[in-house]
Each structure stands twice: as C-alpha cells, then as structure tokens.
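Chain by chain, the residues run as shown.
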Amino acid sequence: MFHSRYLPCPDCGASVDRAGDSQHDCSPERLADYQLFGLRDEVAELETRVRDYLRTSAGRFDAWLAARQVRGEA
Ligand SMILES: [Zn+2]
C-alpha cells in the first residue's frame, strides 16, 4: 500500500512531513482559517437565522432594546 510522505494536519490542514523529526506546530492564523472554512455553511446559516429572527416580533423588540442600550437610555 502506498503511503505518502506528507499528510495533512487534521487540525489545520497544513502538509506535514511524516519523515521529519521536527514536531508540527499549527500556525494560529492557519488554524483559524481552516476551522472557519469548515464552518462556512454554518456561518452562512447563522446569518440567515439571525435575519429571520429579527423579523419576528420578539426579534424586533430585541433590536429596539439593543439600540436603546447602545444609546445609553436603558
Ligand atoms: Zn497543524
């Protein structure tokens, strides 16, 4: 069976040399990008759900309350 020398890191997706002695440390930026990429569908769905919520009466009240709090009237 063929084994590639390089494997993608399961956490950040970087190509890691399995034959190398050095321990792989995930770059925080790459880690964040990789995880966000994996969540892109959920992020898009969250935006839709927030917009849908803000159209309900409870959502309109929350938006009104938040705007009031931002203005310092609460
Ligand atoms: Zn990594």
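Note that this is a predicted model, so its numbers are computed, not measured. All residue numbers refer to position in the chain's written sequence, counted from 1. It should be noted that, the model being predicted, local features are given only for residues of pLDDT at least 70 and side-chain atom pairs only at 80 or more, the latter also being counted only at that level, while totals for whole chains, interfaces and linings use all residues. The side-chain figures draw on all heavy atoms in the structure; neither hydrogens nor water molecules are used.

(A) Local environment of the pattern of salt bridges. Note on definitions: salt bridges are taken to be side-chain nitrogens of Lys or Arg within 4 Å of carboxyl oxygens of Asp or Glu. For the coordinates displayed, the defined rule picks out four salt bridges. Close ionic contact of Asp17 with Arg5 constitutes a salt bridge, the shortest N to O distance being 2.7 Å. Here the residue Asp17 occupies a position in strand S2 (residues 15-17), and Arg5 occupies one in the segment before strand S1 (6-8), the gap between them amounting to twelve residues. Three labels apply to residues, based on accessible area from a 1.4 Å probe with only protein chains included: buried if under 20% of the type maximum, exposed if over 50%, partly exposed otherwise in between. Exposure remark for Asp17: the relative accessible area of 22% places this residue in the partly exposed category. In DSSP terms, a helix is any run of H or I states spanning at least four residues, a strand is any run of E spanning at least two, and both are numbered starting from the N terminus.

(B) Quick look at the coordination of the zinc ion. The donor set comprises N, O and S atoms within 2.8 Å of the metal, extended to 3.2 Å for Na, K and Ca; water molecules are omitted, so apparent gaps in a site may simply reflect that omission. Within the protein, the zinc ion binds to Cys9 (SG), Cys12 (SG), His24 (NE2) and Cys26 (SG); these donor distances fall in the range 2.0 to 2.4 Å. Because the angles between the four donor atoms bound to the zinc ion fall within 106 to 113°, the donor set is best described as tetrahedral. Mapped onto the sequence, the donors of the zinc ion take the spacing C-x2-C-x11-H-x1-C. Taken together, the residues Cys9 in the loop between S1 and S2 and His24 in the loop between S2 and helix H1 (28-38) connect sequence positions 15 residues apart. The class for Cys9 is buried, based on a relative accessible area of 7%. A four-donor site is classed as tetrahedral when every donor-metal-donor angle falls between 85 and 135 degrees; four donors are called square planar, and six octahedral, when trans pairs exceed 155 degrees and all remaining angles lie between 65 and 115, with any other arrangement labelled irregular.

(C) Highlighting the packing of aromatic side chains. Within 6.5 Å between ring centres, the rings of Phe, Tyr and Trp (the latter by its six-membered ring) count as paired, and their orientation is classed by plane angle as stacked under 30 degrees, edge-to-face over 60, tilted in between. If you walk through the whole model with that rule in mind, you get one aromatic pair. In our convention, an over-ring charge means Lys NZ or Arg CZ found within 6 Å of a ring centre and within 35 degrees of that ring's normal. Positioned above the aromatic ring of Phe37 is the side chain of Arg40, whose terminal nitrogen or guanidinium carbon lies 3.9 Å from the ring centre.

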